[in-house]
Number of protein chains: 2
Amino acid sequence: MTQTSITRSWVTSANGHADFPLQNLPLGVFSIDGGAPRSGVAIGDHIFDLEAALDAGLFEGTAKAAAEVTRGGQLNAFFQAGAPARKALRERLLQLLAEGSTLHGKIEAQGAKLLPLAANCLMHLPAKISDYTDFYVGIEHAQNVGKLFRPDNPLLPNYKYVPIGYHGRASTIRPSGTDVRRPKGQTLPAGQTEPVFGPCARLDYELELGIWIGQGNEMGDSIAIGDAADHIAGFCLLNDWSARDIQAWEYQPLGPFLSKSFITSISPWVVTAEALEPFRRAQPARPQGDPQPLPYLLDPRDQAAGAFNIELEVLLLTEAMREQNLPAHRLTLSNTRHMYWTVAQMVAHHSVNGCQLQAGDLFGSGTLSGPESGQFGSLLEITEGGKKPIELASGEVRKFLEDGDEIILRARCSRDGFASIGFGECRGKVLPAR
Amino acid sequence: MTQTSITRSWVTSANGHADFPLQNLPLGVFSIDGGAPRSGVAIGDHIFDLEAALDAGLFEGTAKAAAEVTRGGQLNAFFQAGAPARKALRERLLQLLAEGSTLHGKIEAQGAKLLPLAANCLMHLPAKISDYTDFYVGIEHAQNVGKLFRPDNPLLPNYKYVPIGYHGRASTIRPSGTDVRRPKGQTLPAGQTEPVFGPCARLDYELELGIWIGQGNEMGDSIAIGDAADHIAGFCLLNDWSARDIQAWEYQPLGPFLSKSFITSISPWVVTAEALEPFRRAQPARPQGDPQPLPYLLDPRDQAAGAFNIELEVLLLTEAMREQNLPAHRLTLSNTRHMYWTVAQMVAHHSVNGCQLQAGDLFGSGTLSGPESGQFGSLLEITEGGKKPIELASGEVRKFLEDGDEIILRARCSRDGFASIGFGECRGKVLPAR
């Protein structure tokens, strides 16, 4: 039973669903009415309650073992179980949820297995995140930002050799829907030599792909590039909220710190490698003159199919737009093809020094801007650091985010002959500083 | 019963012990012969088994509640319980272990409460570390390193306003005694424009104070400078092993990454704020011309007593020195007085943007060098980046660390009229690259 052979589900809202048709089956952790968080699978407008399904005896064999390790409100053990567990669970879910499934009646008879997503379900982080690493593999973003500081030499010499990344703050990663409190901090007013303290005045978003690490490695070992894909559990959307004024003052010489650590938002559903399989693509050829990756970053299979075709979108909804019932304003339409390094290259690079990765670690891709207007993945790029404000249908203008503004990230994968899938939303609304 | 009034313990090895006299009583997590890790207190050459003592009914009231949350092989809950729990436990331990304690016989009668430190006891990390932050508050180090790159302008403009820090890798923090596998990575050979891949050739140590976070804060809240000391659970030694050649090539623009994340070593005993109380000192006055800290970093009590007088030492023992039975070579003799910012200032700064701190988070101070030869806290400074090798009694020379070299950090607090205390060792031996 292949993915293409099953197209419809008896869960009717799944058929043609923008994000969660039968072909997607992303995993997440949810709770209802303050109950204990537990694992589920998004299908159409519903959550298929994995733990209830387990209790009802709907799984056996490898699929049962895989479902068992999703218990407990954290998917770390499931991530650690790797691709065989993921695939077995997926196959069984396809059987259970396909149109014409003989199990349809059985599932419905058990009751309470399909929960309306929108109702009382609160989504949580899908895993305990031990370490969070933010990469910088969006080359157009690196160039756009570099141009603001170094017009003639936007990319640093290491960029095309090193998948640049840095450690981020794990404790403030939150699921979509969590409000974003405007941070306070030190900033250096233009033309002055002494900093002032106060609320961030240049609050920004960054559009990123999130990567969930599956099986880890022991400290001192490395994950070879050819094995790296097996260490990835899934994907999400990530908004790397950024305080540009705090960042500009603090980041030399050790990198961004408080300008990022106040919150990072992610979409709560883990889209698996299996669901994304039809949307793999070759890593784009490097432009003439660019160096080849060093051997530890080079694998023919990864070059042939290690990249993804995922359309990425950012929307802005202001308080005034909500009041006037205006549609959200699209800030960004971009694509994962702007990644200069593949996710396998990130994994291989991160562990090449013996750094231990663990199931449930999260990577951010870095901002995935395109080269053209309309494709920029941050307001820093869109407004050129605040110099060119954007106008909204509400009559408002924006250089950076204001209190009440909501940012919504979306992602969509499409290909002829395949059902489109999406990631679900990653939303966050800005609250005034305390 | 004050600290000064009790000077001796019936545990005779504690009296005059370099690290663990009765006045110290640091907490740690240990195991014996592969058993489950559990909590204990270092006293002289022994570990006082806290869980066994609890089971024997030696605690009651607040002290009992405090000891109870040390169960389970991780001290996070004890850290979270804060100063009242720590103080109650300390008072009771002083009673139990003081010379003339009527409980001496009772403890011995129960048996197995005092375990020889050196024998079968394996020390573990004292807590689950969710996030690790490395600061850069050693101003002499910042100046020494800055001079190598910018002789006329060693300190960046933000240094005297911002307690500079960056996120580190939590997954590779290990207790003293863990071997250090030489990392591999990309480096740019001198005079070339293309990097090469191979084992680090400029492996270094960094002498740091480690700070354990106690009670945390909710995301969006900040810890005021006046409250910050209450959020610190204790202290340790920290070796921020550094691959200088990897660091030089990778660190722009987002800071150190793989050059640090292969391992960070810490001493396993948590020295409490109570044990360090006699060794507090005023934060040294800022030199003429230096700015005052911004208000959120300024507290009169912290300025009056927020710094520490802790002597810090680094020793090197090479393979040849071990073979020739030569004593370890002292590389560094420094002091925590070279911290430009207090630990309370670090806590207040880290959380001022609403970043959530959690019990068991670990801070590193940054390298604590003094201004003079013999006080430098890294080989980068001692050998001026490899230009001035050091000579050892074994006839060897060192620019950076070679395979088989062992680095030993020690710390000692002394003051007239008070028993000296130490931190125990933080050791690590370099193994060849895989």
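Residues numbered from 1 in each chain as written. Chains lettered and ligands numbered in written order. Predicted model: local features only at pLDDT ≥ 70, side-chain atom pairs only at ≥ 80, totals over all residues. Heavy atoms only, no water.

Across the contact, 59 residues belong to chain B and 59 residues belong to chain A. Both faces considered, chain B and chain A share a buried interface measuring about 5,600 Å² in area, 61% of it formed by carbon and sulfur atoms. Summed over the shared surface of chain B and chain A, the result is 6 salt bridges. A salt bridge links Arg169(B) to Asp131(A); the nearest nitrogen and oxygen atoms lie 3.5 Å apart. (Contact = heavy atoms within 4.5 Å. Buried area = accessible area lost by both parts, 1.4 Å probe. Salt bridge = Lys/Arg side-chain N within 4 Å of Asp/Glu carboxyl O.)

For the rest of this paragraph, the subject is the pattern of salt bridges. Where charged atoms from two side chains of opposite charge come close, those side chains can pair. With the rule as written, the count across this model stands at 50 salt bridges over all chains. Salt-bridge contacts for Arg182(A) lead to Asp403(A); the nearest nitrogen and oxygen are separated by 2.8 Å. Of the two residues, Arg182(A) sits in the loop between strand E9 (180-181) and strand E10 (184-187) while Asp403(A) sits in the loop between strand E23 (397-398) and strand E24 (406-415), which places them 221 residues apart along the sequence. Among the residues examined, Arg182(A) registers a relative accessible area of 8% and is labelled buried. By relative accessible area, which is 36% here, Asp403(A) ends up partly exposed. The partner of Glu206(B) in a salt bridge is Lys260(B), with the nearest N and O atoms 3.1 Å apart. Placement of the pair is Glu206(B) in the loop between strand E12 (203-204) and strand E13 (207-213) and Lys260(B) in the loop between helix H6 (244-250) and strand E16 (264-266), with a sequence separation of 54 residues. Of the two residues, Glu206(B) and Lys260(B), neither departs from the other in class, the shared state being buried. (Helix = DSSP H or I, 4+ residues; strand = E, 2+ residues; numbered from the N terminus. Buried < 20%, exposed > 50% of the residue type's maximum accessible area, 1.4 Å probe, protein only.)

Our next topic: the pairing of strand E6 (residues 132-135) of chain B. Residue and element names in this part refer to chain B. Burial along E6 is two-sided: the residues Tyr132 and Asp134 and Thr133 and Phe135 are all buried. The pairing of E6 with strand E21 (residues 362-364) spans 3 bridges and is parallel. Bridge pairing in E21 places Thr133 opposite Phe363. (Pairing = 2+ DSSP bridges.)

A few words on the UniProt feature "domain: Fumarylacetoacetase-like C-terminal" (unreviewed entry) in chain A. Within this numbering scheme, the UniProt entry marks residues 140-430 of chain A as carrying the feature "domain: Fumarylacetoacetase-like C-terminal" (unreviewed entry). Secondary structure over residues 140-430 of chain A splits into 15% helix and 29% strand, and the C-alpha atoms at its two ends are 27 Å apart. (UniProt positions renumbered as here; feature names shortened; annotations may be inferred.)

For helix H2 (residues 61-68) of chain B, the complete set of buried residues consists of Ala63(B), Ala66(B) and Ala67(B). Burial along H2(B) is one-sided: seen end-on, the buried residues are contained in an arc of 95°. (Arc of directions from axis to C-beta.)

A few words now on the sheet that holds strand E16 (residues 264-266) of chain A. All names here are of chain A. Taking strand neighbours across the sheet as the criterion, the 7 strands line up as E7-E6-E21-E13-E14-E16-E8 in an open arrangement whose pairing is mixed. The two strands at the open ends of the sheet, each matched to only one other strand, are strand E7 (165-168) and strand E8 (173-175). Neighbouring strand axes in the sheet, compared pairwise and without regard to direction, differ in orientation by 35° on average. (Axes fitted to C-alpha atoms, helices over the stretch in contact; angles between N-to-C directions.)

What follows deals with the side chain of Ser267(A). Residue and element names in this part refer to chain A. Along the chain, Ser267 turns up in the loop between E16 and helix H7 (273-276). A relative accessible area of 0% means that Ser267 is categorised as buried. In terms of polar contacts, Ser267 uses its side chain to reach the backbone amide nitrogen of Leu237, at 2.8 Å. (Polar contact = N/O pair within 3.5 Å; in protein donor to acceptor, adjacent residues only side chain to side chain.)

Taking 1.5 Å per residue, 22 residues should reach 32 Å; helix H3 (residues 76-97) of chain B reaches only 25 Å between its end C-alpha atoms and comes up short. Taking the largest bend as the criterion, H3(B) deviates by roughly 110°, centred on Gly82(B), and proline Pro84(B) comes between one and four positions later. (Expected span 1.5 Å × (residues − 1). Bend = angle between axes of the 7 residues up to and from the residue.)

Counting residues in hydrophobic clusters, the biggest one holds 157 residues, and the most contacted among them are Leu276(A), Phe423(A), Leu276(B) and Phe423(B). For Leu276(A), the residues in contact, after removing those within four places along its chain, are Phe235(A), Val271(A), Phe308(A), Ile310(A), Cys413(A), Ile421(A) and Phe423(A). (Core = buried A, V, L, I, M, F, W, Y, C linked by side-chain atoms within 4.5 Å.)

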